[in-house]
Structures are given as structure tokens and as C-alpha cells.
There are 2 protein chains.
Amino acid sequence: MEPTPAAPLESLANARARDAADPMRGFRARFALPADGRVAFEANSIGAMPADAPARAAAILNEGWRGLGRRGWSEADWLDMPARLGASIAPLIGAGPDDVLVCDNTTTNLFKLLGHAWRQRGDGHVIVTEAANFSTDLHVADGFARFVRESGGRCQLVRADSREAVLAALGDGGVAILMLTHTDYRHGDCWDLAATTARAHAAGALTLWDLSHSAGALDIDLLGADADFAVACGYKYLCGGPGGPSAVFVHPRHRDAMPLIQGWMGHAGRPGFGPDYDPAPGVLRLATGTPPVIANAVFSAAADLWAEVDRAALGARHRELGDLLVALIDARCARHGVRLLSPRDPARRGGHAAIAHEGAAAIANALVAHGVTVSFRAPDAIRFGVSPLYHNREDLWRAVSVLDEILTAQTWRDPAYQGSRL
Amino acid sequence: MEPTPAAPLESLANARARDAADPMRGFRARFALPADGRVAFEANSIGAMPADAPARAAAILNEGWRGLGRRGWSEADWLDMPARLGASIAPLIGAGPDDVLVCDNTTTNLFKLLGHAWRQRGDGHVIVTEAANFSTDLHVADGFARFVRESGGRCQLVRADSREAVLAALGDGGVAILMLTHTDYRHGDCWDLAATTARAHAAGALTLWDLSHSAGALDIDLLGADADFAVACGYKYLCGGPGGPSAVFVHPRHRDAMPLIQGWMGHAGRPGFGPDYDPAPGVLRLATGTPPVIANAVFSAAADLWAEVDRAALGARHRELGDLLVALIDARCARHGVRLLSPRDPARRGGHAAIAHEGAAAIANALVAHGVTVSFRAPDAIRFGVSPLYHNREDLWRAVSVLDEILTAQTWRDPAYQGSRL
């Protein structure tokens, strides 16, 4: 059943009134949003800071590092945190509590999961992805395939030029792994997780999904989609802190695969001091070395919030905020030549909404200078990374009002705003 | 020229007087040593916290994460930190400022450097290590060799039973990589870095050194020893914070090797948004994904101290503290059946000094209960991880006095102290 679209926002007062009646409004107060009052639609680049994060950091330093010292390794929860953080965010992405581990960064996790998937594959030797995939996903797959070939094996990376070409490549046979990013980082278009996974499975391929621009924003159901492997960035919508560790998901049917990086923290007797490698159960074997204790403590501030979140409610709120943003931009900015880059259908729209304009780089700079943080992507995209956990309707109203003013007054043509600044 | 051994400590007053005249005494005051006054000889497990670490953490959270938000990626030093931290500690290990990068954890870095070394090898297909190497080093090498074989290549891991057997294995021919931990984590015996590297090179092998129990304690000269690759744990003697990132070293002659994990942060145009992987120069290509911004900010507190340290002075101070500790234990505890496990020759002794006693586990527990943190390793070793940056002679005097009391009064036979607790 499709949800009924929300009525468009009519005024700042209307936005505020609807915010006041929002059952999820309490989460916003548990973030330390920017002190300068700017509206930061940057959850696709860095999620906001939970208000408790500085206290967690101070505690792990003063009571943990200084207070416990080496007893932290055995008497505190330092080595348990990767699994505990994983269990906290698992329900958000439709995974079981034992299916997710928080560790390493997304790039390293992509490499590790390619190894896992490669070992679980059937007869195929091709990794299929789209040429428009995020750069590090492409780089990692290219490097993995290169190494297999150098070692004497067969491994070919196919970078299909379009989404149709991706699906067509599955039909060519011999595909081992379909490796895709769920939400495109430019225009925000989503793959259909379940349908695409089913297509891959029908072709004898396993799926490796990068949820970096989806997890913490959308209602993701990995087990429901029968996905094989997934990674998610920890510091975007998940609000784990800048450069915070990443999440890995392994479907239970692949729990016996041997990890590519065999580390003492992924040992059954963790930390594994014995000479022989005996892998820990399931996803735990994807732990490599000593976990980043301080980063994990900071991440725990967000994880505690996520543990209170209902996935369906999160997805519904994100859809509503996105629909309201699109409707506001249509109503107030289409006349200035702004067009929507993201899909209008909310079911196909990922974490961020992107708009296009010939002056996008300068407009993005002007928005930032006027207290609305967005990001620009060449050649002509402006992205609004909307968090369903802490953004509200007033944020949308204020941001589009500023955008409208900048376009109406042509403020963005000021020489001070020319040039791309990421 | 061998340094003259320091005169033994005669009393607490003597220890204090010599501390007061120590030209490196100023560093101690820049650490937040345990607030409960315990003496923590645990630098082999977790180095002490620089006093400035909490302020660095608070700043990266409040001014960085909350204040800058996504502008931190482009306008702050977040992406430069891995190279800057590396340059700060490079002189400590005899490396050039462009030869060291701080990234990932030691286990992942061992895997990455095995890939680097494997690509730079000659005709060999054997990785030689010692069976007594640290567990994660063994696990990683086993996993790497397994994957090469699965891919159709030849790769054999030889775990030699003794140090003599390691050297003998080099003579068997076909050795690609000699992979060793410089300081043994149990008894503290060091390999001769230069001589062993020369033996490996004469046999056509490259060297991969794990400096985890050496860096920040000893005078290490990687370039002088002509070493090929090295890793160092960031959170032991280097005081980078619990689970803090690890350091990698690549000799300049191997700077053109392709990395095994090709990530956007190791791209020449970092962050590499283009579809094709173009590796950054030298060691920079060993960056994988987004750096751990918070952990790096915490690490910077220690890195700023290290940048002031003279490597030779550090090594000389460590040698003196170690010699004084050994002499004190000999003088006061040999009569209780304590014997030295570590080499008496300071040139062969690594970061920690280890002693043996049949009651080692209980003695270690009693020491911790009486304010002296040490660590136990089965079956009979007690380890004192001595930092030349913040420990002093008074610490040695106090620790050995407590040890003497525990042994004299046989306190350690109390049932409360039985059993190993790591």
C-alpha cells in the first residue's frame, strides 16, 4: 500500500506546527546541531553529532585510557564494541543482531567482502558493477580483480555504462558478484534492492551492496531482499563521527566463508593468541586488528539512538521530508530554472535529493554562505542530504526560502561565489 | 662504542635525584599519568595518555564535527593527518618523512604490506616467519598465502621453530618475504634489524618488520638497516590512544608498487572521484578509505611530543631504564627465585623486560593490586613495558620495592591472587 503524500508546507508557521506534532521530534533535541544556527543538509557527507558524543569521548579517555589502562582490554567492553555497535544498527538495515559488525573503513570492508563473496561464488569469474558506481568501490574491485589475475586466477571486472547494461551483463553468464551502491551519490537514484538481488541470484551471482548513501535514511531490508553482503558508511546518515568505522553485513548462509584478512580479533578465541587461525562465528571473523576504541565510544552515542528507532517509521519520515522538499522546490524554484535530478517517485529516491541548475556550483557556495549547507557535484548538481532522525520541516522551509532568495536576487552571480569548493 | 652502564639505583632518594637531573624529564609532565598514582608498566599494551589528548578530542568534536561539518573534509586538515602523523614519527624509526603513513590497524596493514612485498619480490614464493611470531602476524600471512594458492598461484608460509631455523630457511632458496616481529612479545628478545635484513637480501628475500613492541621505545633505523617494509602499532609505546591507527613504512625503492587495497584516499587526486585508479605517490597509496578523523586528532597529541624527541637520546634513555630495572631485580629479587627472561645484553632487549617465576600469574595479580601494573604471559612471564618518554627511575624503584615486598611476605600466595587475568 502506497502511503498518501503529505500536504505541501504552506508557511513557516505551518512547518513548525507540523514539527510540534511529529512523534519522532524528540530525536532532534538529542543532537548538537550547528551552534551557529545554520541548516546543514550534509547527512550524505557527515551526519550530525549526537549531543552525548563529547561526554563519551571524555569518558573513554579519562576513565578508559587513563583510568583503566591495559585492563580496558580485558575488564571493559573495548573488544565487544564492534559486535555491540553492529547489533544496534542491524535492525535499521533489516539484518539480524549477529549479522552486522562495525569495523575498519568502508573501502577496506569492500575489499574484505569481495574476498568473502569470491570464496562463496559458484562457477563465475566476473564482477559486474556500474561505471557510475562510487569511485572507491570501482577502485577496490579493480584492485581485487588485478590481484586474482596476477596470482594466476580468472577475474574480470565489468563496469557497465548504464543500469540497463548492468542487468544485461548478468545475462551474459559467468557472473560471480554483482557489486552496486544502493543510492547513487550524485543524483540519488536507488536500485531496487530485492528485485536486483533476485535478478543476480537468477543469474548465479551473489550481491555486494554499498549502503553508504542509504543506511540511516531509508527503510532497508537486507534479509527481506535476500542480499548476500553489504557495507555501510558509519559517518554519514549513521552519525558515527568523522571517519568513524563502517558496518559490514554477511547473510547467515555465508557465515562459514573464510575471511581474506585473518586477524587476531576475528579469531574464535579473541584475541587469538594461538598460532593457528580458528575463525570466530559468522560476521565476527570480519574483525581484523584491534578495534578503534575511541572512535567506537563516540559511535556508541549514535548507536544508542538508533537502538530506539523503528525502521519503518524512519523510512516513512525520510520519505515525507523528501517529498516536502521536492514539492517546495517545485513550487518556489522551478521558475528559476531549477529542475529535480533525483527521482520524483520517493520509492526510487535515496538518502539525498539532488537538483540541477546551470549555476549549481555558485548557488551551492551562496547557500553555504547564507547558512544552508549543501554540497555540489560536477557538473550541475546540488545535493540535500536529509536525515530523518534530526531534520525537520522548519529546516526544509528555511533552506528553500534561502534558495528562492538567492535565485530571485541572483545573488549567486556575485564573483565571490564562483568556482567549485567540493 | 658501547655506552657505559649506569650505576645501580641505591635508594628512592638516589632515584629522585637522578630523575631531577635528567634532560628528558620534561616529557613526563606532559602526560596524564594514572590519577590513582599507580605505576603502570604497560607501554607494551597501551601507552600513557598525553595530557593534551582530551582537549584534542573535544576540539575535533565541537569545532570540527559540529562546527565545520562537511567543510572539514576540504577546509581542515582531516585528509592530511595520516601523512602528517606519519612524518612526525618517521624520525623515531629511521625513516624519511615521506616514507611513513598512519592508517588502519596493524593487522590490516600487515596484509597490505604483504601484498606490496609480494608484488616487489623476485622469483621466490615462500614467506618465512618464526612460529613464535605474534599471533595476528601468523594469521594474516596464513590467510594471504591461502588466497594466493586458491587463485592458482604458489605461496607457501614457513613457520620456523627457532631463530636459527628462520635463518636456515633463508638458505633453502625461493624465499620471497621474511616477515618478523622485531621484539618478541613474550621475552622481549630483539632481532638484529640490519644483520637479519642483510641475510634476507643475500637470499633474495624482502623484509617485512613488525615494530609493534619496539617503535617508541628503541632507537630503530629502518633506512640504515635497509629494511623493505614495516608496520608499528600506534597505541603501545607510541601513545596514540587505545585502538589508535597503525603506522606503515615503505622503503623508497618500493614506492612504485601497486597497493593491494586500492582506495579513493590512496588515489593521486585524493579523494579520487574519477573512475580509474591512479595511485598516489609512495606510501600515500597505502591509504585505503576515509581516515579516522577523531582517532587521528587524539594521536596528534602524542605525535607532537614525538616530533621533539631525538631518536638516539630516546634509545639511550630506554636502555638505561632497562639496565637499571634488571639490576634492581637482580639485586633485590633474585633471592626469591626471580630470573630474567629477557636478554641481559641491552642491545638485544626490546621494549619490555620480562622476568620469570613459578608464581608469575599470581605475582602479576598481586602487583596490580598493589599499584604496579604489569602483564602476565603464560606460562611464567611477567612483563614490564618501559616507556623512555614518561617513565623514570623513581617508577623503577617503587615497582621493584613492591615486587620485593610481595615476594618477601609471600603475599602472592593469597588465594585472591591466583589465576591468570590476561
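As the structure is a prediction and not an experimental result, all values here were calculated from the model.

1. Considerations on the overall build of chain A
- For chain A, the helix and strand inventory stands at twelve helices and 15 strands.
- In terms of overall size, chain A behaves like a compact globule, its C-alpha atoms giving a radius of gyration of 22 Å where 422 residues would be expected to give roughly 22 Å.
- Each principal axis of the C-alpha atoms in chain A carries an extent, and together these give about 70 × 60 × 45 Å.
- Expressed as a percentage of its 422 residues, the buried residues of chain A come to 64%.
- Contacts spanning at least 24 positions in sequence make up 72% of the contacts within chain A whose residues lie at least 6 apart.
- Positive and negative charge centroids in chain A, built from 41 and 47 side chains respectively, lie 3 Å apart.

2. Notes on the packing of aromatic side chains
- Here the structure, examined in full by the defined rule, presents 19 aromatic pairs over all chains.
- Here A:Trp118 and A:Phe144 contribute two aromatic rings whose centre-to-centre distance is 5.9 Å and whose plane-to-plane angle is 80 degrees, an arrangement assigned as edge-to-face. In this pair, A:Trp118 sits in helix H5 (residues 106–120) while A:Phe144 sits in helix H6 (residues 135–150), placing the two residues 26 residues apart along the sequence. Each member of the pair, A:Trp118 together with A:Phe144, is buried.
- Where B:Phe111 meets B:Phe144, the ring centres are 5.9 Å apart and the plane angle is 75 degrees; that geometry is what we call edge-to-face. Taken together, the positions of B:Phe111 in helix H5 (residues 106–120) and B:Phe144 in helix H6 (residues 135–150) put the pair 33 residues apart, joining distant regions of the chain. The pair formed by B:Phe111 and B:Phe144 is uniform in burial state, with each residue classed as buried.
- Lying across the ring of A:Trp118, A:Arg121 places its NZ or CZ 3.8 Å from the centre.

3. Focus: the confidence of the model for chain A
- Considering every residue of chain A, the mean pLDDT works out to 96; 99% of them sit at 70 or more.
- We note a pTM of 0.97 for the whole complex and an ipTM of 0.97 for its interfaces.

4. Overview of the relation of the copies chain B and chain A
- Superposing chain B onto chain A takes a rotation of 180 degrees plus a shift of 0.0 Å along the axis, which leaves an RMSD of 0.0 Å. Taken together, the rotation angle and the small translation identify this as a two-fold axis. Judged by C-alpha distance, B:Gly152 is the residue of chain B that lies nearest the rotation axis, at 2.5 Å.
- Take the interface residues of chain B: 100% of them recur as interface residues in chain A, which is what a same-surface contact looks like.

5. Digging into the interface of chain B and chain A
- Listed per partner, the contact involves 86 residues of chain B and 86 residues of chain A.
- Buried surface at the junction of chain B and chain A, both sides included, amounts to about 7200 Å², of which 61% is carbon and sulfur.
- Of all residues in chain B, B:Trp65, B:Arg66 and B:Arg70 bury the most surface against chain A, accounting for 13% of the area lost on that side.
- Taken together, the connections running from chain B to chain A amount to four salt bridges.
- For the salt bridge of A:Arg119 with B:Glu150, the shortest nitrogen-to-oxygen distance reads 2.9 Å.
- The interface formed by chain B and chain A holds 43 residue pairs in polar contact (both at pLDDT 80 or more) in total.
- The set of elements that each furnish at least two residues to the side of chain B that touches chain A consists of strand S3 (49–50), helix H2 (53–68), helix H3 (71–75), H5, H6, helix H9 (293–306) and strand S14 (375–377) of chain B.

6. With respect to the side chain of B:Asp104
- Following the sequence through the fold, B:Asp104 ends up in the loop between strand S4 (100–103) and H5.
- A distance of 3.3 Å separates the side chain of B:Asp104 from the side chain of A:Asn105, its partner in a polar contact.
- Among the polar contacts listed, one links the side chain of B:Asp104 to the side chain of B:Thr288, at a separation of 3.1 Å.
- Not counting chain neighbours up to four residues away, the residues in contact with B:Asp104 comprise A:Asn105, A:Thr108, B:Asn109, B:Lys112, B:Pro245, B:Ser246, B:Leu286 and B:Thr288.

7. Side note on the sheet that holds strand S6 (residues 156–160) of chain B
All names here are of chain B.
- One open sheet accounts for seven strands, arranged S4-S10-S9-S8-S7-S5-S6; its pairing is mixed. Every interior strand has two partners, whereas the edge strands, S4 and S6, have only one. In this sheet, neighbouring strand axes are inclined to one another by 20 degrees on average, regardless of whether the strands run parallel or antiparallel.
- Seen against the sheet, helix H8 (residues 193–202) touches strand S7 (175–181) and strand S8 (206–210) and runs at an angle of roughly 150 degrees to S8.

8. Things to note about helix H2 (residues 53–68) of chain A
Residues and elements named next belong to chain A.
- At Ile-60, H2 shows its largest bend, some 25 degrees.
- Buried within H2 we find Ala-53, Ala-57, Ile-60, Leu-61, Gly-64 and Trp-65.
- One or two steps after H2, the chain reaches Gly-69, where phi turns positive at roughly 60 degrees.

9. What to know about the pattern of salt bridges
- Going through the model one piece at a time under the given rule, you end up with 62 salt bridges over all chains.
- Among the salt bridges present, the one from A:Asp404 reaches A:Arg332, with a minimum N-O distance of 3.5 Å. Here A:Asp404, found in helix H12 (residues 393–408), pairs with A:Arg332, found in helix H10 (residues 311–333); they are 72 residues apart in sequence, far enough to count as distant. Note on accessibility: A:Asp404 and A:Arg332 belong to one class, buried.
- For B:Asp221, the salt bridge identified is with B:Arg311, shortest N-O distance 3.8 Å.

10. What to know about the packing of H2(A) against helix H9 (residues 293–306) of chain A
All names here are of chain A.
- Packing of H2 against H9 leaves a shortest axis separation of 8 Å and a crossing angle of 145 degrees. The two elements H2 and H9 meet at a crossing, and its hand is right-handed. In contact with Ala-53, Arg-56, Ala-57, Ile-60 and Leu-61 of H2, H9 contributes Val-293, Ile-294, Ala-297, Val-298, Ser-300, Ala-301 and Asp-304.
- Looking at the contact of H2 with H9, its residues break down into nine nonpolar, one polar and two charged.

11. A short note on H9(A)
- For H9(A), spanning 14 residues, the distance from its first C-alpha to its last is 19 Å, which sits close to the expected 20 Å at 1.5 Å a residue.
- The buried count for H9(A) comes to 13 of 14 residues, which makes it a mostly enclosed element.

12. Regarding the nonpolar core
- The biggest cluster of nonpolar side chains holds 106 residues, and the ones touching the most others in it are A:Phe144 and B:Phe144.
- Leave out the neighbours within four places in its chain, and A:Phe144 touches A:Phe111, A:Leu114, A:Gly115, A:Trp118, A:Ile127, A:Cys155, A:Leu260 and B:Phe147.
- Among the nonpolar cores identified, the runner-up in size contains 54 residues, and A:Leu85, A:Leu193, A:Leu211 and A:Ala225 belong to it.

13. Focus on the side chain of B:His336
- Here B:His336 shows up in the loop between helix H10 (311–333) and strand S11 (339–340).
- Setting aside chain neighbours within four positions, we find B:His336 in contact with B:His357, B:Asp404, B:Leu407 and B:Thr408.

14. Looking at the environment of B:Glu164
Residues and elements named next belong to chain B.
- Relative to the assigned elements, Glu-164 resides in helix H7 (residues 163–170).
- Accessibility expressed as a relative area gives 60% for Glu-164, which makes it exposed.
- Linking Glu-164 and Ala-381, residues 217 residues apart in sequence, is a C-alpha distance of 23 Å.

15. Comments concerning the pairing of strand S10 (residues 246–250) of chain A
All names here are of chain A.
- With five of five residues buried, S10 is to be regarded as a mostly interior element.
- Along S10, one buried face is formed by Ser-246, Val-248 and Val-250 and the opposite face, lined by Ala-247 and Phe-249, is buried too.
- Across four bridges, the pairing between strand S4 (residues 100–103) and S10 is antiparallel. Considered in S10, the bridge of Val-100 is made with Phe-249.

16. Focus: the sheet that holds strand S15 (residues 381–385) of chain A
- The sheet built from four strands is open, its strands ordered S11-S12-S15-S14 (chain A) with antiparallel pairing. Two strands in the sheet have a free side with no partner beyond their single neighbour: strand S11 (339–340) and strand S14 (375–377) of chain A.

17. Brief notes about unusual backbone geometry
Residue and element names in this part refer to chain A.
- With an omega of 5 degrees, the peptide bond running from Ala-378 to Pro-379 counts as cis.
- With respect to the helices and strands, the residue Pro-379 is situated in the loop between S14 and S15.
- One non-glycine residue, Cys-239, lies in the positive phi region at around 65 degrees.
- If you trace the backbone, Cys-239 turns up in the loop between strand S9 (229–232) and S10.
- A positive phi angle is found at Gln-410, which is not glycine, with a value near 55 degrees.
- Along the chain, the position of Gln-410 falls in the segment after H12.

About the cut-offs
- Residues numbered from 1 in each chain as written.
- Chains lettered and ligands numbered in written order.
- Predicted model: local features only at pLDDT ≥ 70, side-chain atom pairs only at ≥ 80, totals over all residues.
- Heavy atoms only, no water.
- Helix = DSSP H or I, 4+ residues; strand = E, 2+ residues; numbered from the N terminus.
- Rg over C-alpha atoms; globule rule 2.2 N^0.38 Å.
- Buried < 20%, exposed > 50% of the residue type's maximum accessible area, 1.4 Å probe, protein only.
- Contact = heavy atoms within 4.5 Å.
- Lys, Arg positive; Asp, Glu negative; His and termini not counted.
- Charge placed at Lys NZ, Arg CZ, Asp CG, Glu CD.
- Phe/Tyr/Trp six-rings, centres within 6.5 Å; stacked < 30°, edge-to-face > 60°.
- Lys NZ or Arg CZ within 6 Å of the ring centre and 35° of its normal.
- pLDDT = per-residue confidence, 0-100.
- Least-squares fit on C-alpha atoms with pLDDT ≥ 70 in both.
- Buried area = accessible area lost by both parts, 1.4 Å probe.
- Salt bridge = Lys/Arg side-chain N within 4 Å of Asp/Glu carboxyl O.
- Polar contact = N/O pair within 3.5 Å; in protein donor to acceptor, adjacent residues only side chain to side chain.
- Pairing = 2+ DSSP bridges.
- Axes fitted to C-alpha atoms, helices over the stretch in contact; angles between N-to-C directions.
- Bend = angle between axes of the 7 residues up to and from the residue.
- Left-handed = near helix turned anticlockwise from the far one by under 90°.
- Nonpolar A, V, L, I, M, F, W, Y, C, P; charged D, E, K, R; others polar.
- Expected span 1.5 Å × (residues − 1).
- Core = buried A, V, L, I, M, F, W, Y, C linked by side-chain atoms within 4.5 Å.

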